Amino acid sequence: MIETLEQDAERVADDLSAADVLASIRQRKAAEDRAAADQLILAARWADLHPPESIHHAATFTIPGCEHEEPIAGEGTPRVAEFCIAELGAVLGISTTSAKKLIGHALELRHRLPRLWAQVQAGVVPAWRARSVAETTIHSSPALTVEAAAHVDAQVAAVAGRIGPAQLDRLVADTIKRYDLGQADPAADPEDGYLHVDPRHATVHGEDVHFAGTMRFEAELDIADALDLDHALAHGAATLKALGSEASLDSRRSAALGDLARTQTALDLTLLMGGRVAGEEPPPGGRVAGEERAGASRPDLPSAREVVIHAHFDASLDGARTVFGPTGRMEEGQRLILLDQVKDWCGDSRTKVTIKPVIDLTAELSAPGYDIPDRIREQVILRDRTCVFPHCTRPARKADVDHIIEYDHTAEAEGRPQLGPTTSSNLAALCRTHHRLKTHSAWTYRMLEPGVFEWTSPHGHHFRRDRYGTTPIDPDPPDRS
């Protein structure tokens, strides 16, 4: 099979004319669109095969900061069993959350946006465009009724799905007003008093990390807030320049935004300078009132930075000196980190630094009883890095530590050997979602070696999970005969 693919690649590279290349790539794009449409059909069928036993076992989306949960699709769509989604995601090579979105979009389109669904299946609208519409109608606030969703469907289908995000938001807002789905404080919308789609957000794109060690932050603000922020950044950038910074204006504005996030840092800087800028002569008598109080020599003052990171670097001994490697790994987001960055952070405004001793990740640690001591928990966190379920990337430091073989709480009292001891080889990091799935469904797993796991799904698919990711062990479907 590999040789055939390589031969096809050579044929594409060597034998096709320019016209042939255009025709072939067009055909492949059409096949890709058809496959994406088929995936939606199959995802909806998977949902049909797995209804929940009760409303408490239905798949939902957890809303950060809220006690309630949202169903995976809107009003009028069938519920889906909570634990069936993980297997579909594992087979597709995507996370459980991504699989949940796929199924939710399929149900939303089939049941609440049928015109758009038909256009997808007819090849008129690509699946990705229809899914973006479904994502909006599912999570509209307030929720769209079946009738309101049908109105959105009719409007979007009329333009064959060719609608941008801003137009779609406006359409949903108008639909909320048309169907009188909710009213807000008239002061929030003095023109008509109707609740509208609130586009405000502040989003850190944690997976989009530049090689230079930067991360993208995106926000949609109230006009007054945006103007105030712009003024604050302009002032902060000018202050940094006056203090001697030779960075570009954009870089100084970015740094000023970081200083706003660390209000105490900016305050410390002002106090340290006694309200002066670089090049300004100190007042008669030397320090101004408050300058000494803000000095870095006062260990009783709290650290300005409140951000906690966990960075890991390889190190070696050069005589009596410890030498760290130039690059390391930051647990938060599993990102590459530069030693020079850490040095800069540590040198800024009384940052607190804690260095922990090296832990042997291959050592077999054990403890009596069910409770997991901190030293073993830390070893598991460092060894596994993330939840060890296939394709899950939730950090191990925020996960549960699971007994792979269940701990027998009555073994000692009844004189039986403990089959699920609290030892390194019987513990793994699982996020709460996949911990519950392992406990209450037919998924099973075992540790092959420290940090390497083999999972078996309810339908007999096998996956190898290690610190480098997930690999399907049996890419062909298991024989169900």
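The structure displayed is predicted, hence computed values, not measured ones.

Scoring rules and cut-offs
Residues numbered from 1 in each chain as written. Predicted model: local features only at pLDDT ≥ 70, side-chain atom pairs only at ≥ 80, totals over all residues. Heavy atoms only, no water. Helix = DSSP H or I, 4+ residues; strand = E, 2+ residues; numbered from the N terminus. Buried < 20%, exposed > 50% of the residue type's maximum accessible area, 1.4 Å probe, protein only. Contact = heavy atoms within 4.5 Å. Areas by Shrake-Rupley, 256 points an atom, 1.4 Å probe, with all protein chains shown as cover. pLDDT = per-residue confidence, 0-100. Expected span 1.5 Å × (residues − 1). Pairing = 2+ DSSP bridges. Salt bridge = Lys/Arg side-chain N within 4 Å of Asp/Glu carboxyl O. Axes fitted to C-alpha atoms, helices over the stretch in contact; angles between N-to-C directions. Parallel < 35°, antiparallel > 145°, perpendicular 65-115°, else oblique. Nonpolar A, V, L, I, M, F, W, Y, C, P; charged D, E, K, R; others polar. Phe/Tyr/Trp six-rings, centres within 6.5 Å; stacked < 30°, edge-to-face > 60°. Polar contact = N/O pair within 3.5 Å; in protein donor to acceptor, adjacent residues only side chain to side chain. Disulfide = S-S within 2.5 Å.

Colleague: With reference to specific residues and values, describe the overall build of the chain.
Modeller: Per the secondary structure count, the chain includes 14 helices and 15 strands. When burial is assessed residue by residue, the chain has 34% of its 481 residues classed as buried. Across the chain, contacts joining residues at least 24 apart in sequence account for 54% of those joining residues at least 6 apart. Per element, the accessible surface of the chain, about 29500 Å² overall, is 55% carbon and sulfur.

Colleague: Which residues make up the confidence of the model for the chain, and what values go with them?
Modeller: With 75% of its residues at a pLDDT of 70 or more, the chain shows a mean pLDDT of 81. A low-confidence stretch, residues 184–196 stays under pLDDT 50, and its non-local contacts, those more than four residues away or across chains, total 20 contacts. Taken together, the stretch residues 282–297 has pLDDT below 50 and engages in 20 contacts with residues farther than four places along the chain or on a different chain.

Colleague: Can you break down helix α2 (residues 18–49) residue by residue, with the values?
Modeller: Three or four residues apart is the spacing at which side chains of an α-helix point the same way, because the helix has 3.6 residues per turn. Helix length check: α2 (32 residues) gives 46 Å between terminal C-alpha atoms against 46 Å at 1.5 Å per residue, within 8%. Summarising the contacts, the buried residues of α2 are in contact with α3 (85–92), α4 (96–112), α5 (114–121) and α6 (127–138).

Colleague: Got a sec to walk through the pairing of strand β14 (residues 462–466)? Specific residues and values, please.
Modeller: The pairing of strand β13 (residues 452–456) with β14 spans four bridges and is antiparallel. Looking across to β14, one finds that Glu454 is bridged to Arg464. Between the end of β13 and the start of β14, which pair antiparallel, lie five residues, with Gly460 showing a positive phi angle near 85°. As paired strands, β14 and strand β15 (residues 469–472) are joined by four bridges and run antiparallel to one another. The residue of β15 that forms the bridge with Arg465 is Thr470. The hairpin turn running from β14 into β15, its antiparallel successor, is two residues long.

Colleague: Go over the pattern of salt bridges with me, naming the residues and quoting the values.
Modeller: For the coordinates displayed, the defined rule picks out 17 salt bridges. Between Arg34 and Asp38 there is a salt bridge whose closest N-O contact spans 2.9 Å. Of the two residues, Arg34 and Asp38 both sit in helix α2, four residues apart, roughly one turn of that helix. Several salt bridges converge on common partners, so that one network encompasses Asp408, Glu414 and Arg416.

Colleague: Explain the packing of α2 against α5 residue by residue, including any values.
Modeller: In the contact formed by α2 and α5, the axes pass within 9 Å of each other and the chain directions differ by 135°. Regarding the angle of α2 to α5, the classification is oblique. Taking contact as the criterion, the partners of Arg34, Ala37, Leu40 and Ile41 in α2 are, on α5, Trp117, Val120 and Gln121. Along the lines of polarity and charge, the residues of the contact of α2 with α5 split into five nonpolar, one polar and one charged.

Colleague: Please set out the packing of aromatic side chains residue by residue, giving values where relevant.
Modeller: By the definition in use, this model includes seven aromatic pairs. Consider the rings of Phe389 and Trp455, whose centres lie 5.0 Å apart with planes at 75°: the pair is edge-to-face. On the criterion of sequence distance, the pair formed by Phe389 in the loop between α13 (374–384) and β9 (400–403) and Trp455 in strand β13 is long-range, its members being 66 residues apart. Classification of Trp455 by relative accessible area gives buried; the value is 0%. Taking 4.1 Å as the distance between ring centres and 5° as the angle between the ring planes, the aromatic pair formed by Tyr445 and Trp455 counts as stacked. Here Tyr445 is found in strand β12 (residues 444–449), whereas its partner Trp455 is found in strand β13, with ten residues between them in sequence. Comparing Tyr445 with Trp455 shows no difference in burial state: the two are buried.

Colleague: Give me the lowdown on the environment of Leu437, citing residues and values where you can.
Modeller: Among the structural elements, Leu437 can be located in helix α14 (residues 432–440). On the accessibility criterion, Leu437 (3% relative accessible area) is buried. Put simply, Leu437 and Cys84 are 353 residues apart on the chain and 9.3 Å apart in space, counted from C-alpha to C-alpha. Excluding its chain neighbours within four sequence positions, the residues that come into contact with Leu437 are Phe83, Ala86, Phe389 and Trp443.

Colleague: So what's going on with the side chain of Thr470? Which residues, and what values?
Modeller: Relative to the elements of secondary structure, Thr470 occurs in strand β15. Overall, the relative accessible area of 17% leaves Thr470 in the buried class. Here the side chain of Thr470 touches His391 through a polar contact of 2.8 Å, landing on its backbone nitrogen.

Colleague: Hey, could you go over the sheet that holds β14 for me, with residue numbers and the actual values?
Modeller: Taken in spatial order, the four strands make up an open sheet running β12-β13-β14-β15, and their pairing is antiparallel. Two strands lie at the open edges of the sheet, namely β12 and β15, each paired on one side alone. Going across the sheet, the axis of each strand differs from the next one's by a mean of 25°, ignoring polarity.

Colleague: Residue-level account of the state of the cysteines, with values.
Modeller: Tallied over the entire structure, the rule returns zero disulfides. Here Cys387 is not disulfide-linked; the sulfur of Cys392 is the nearest cysteine sulfur, at 3.7 Å. Given the relative accessible area of 0%, Cys387 is considered buried. The cysteine Cys431 is free of any disulfide, with Cys387 supplying the nearest cysteine sulfur at 3.8 Å.

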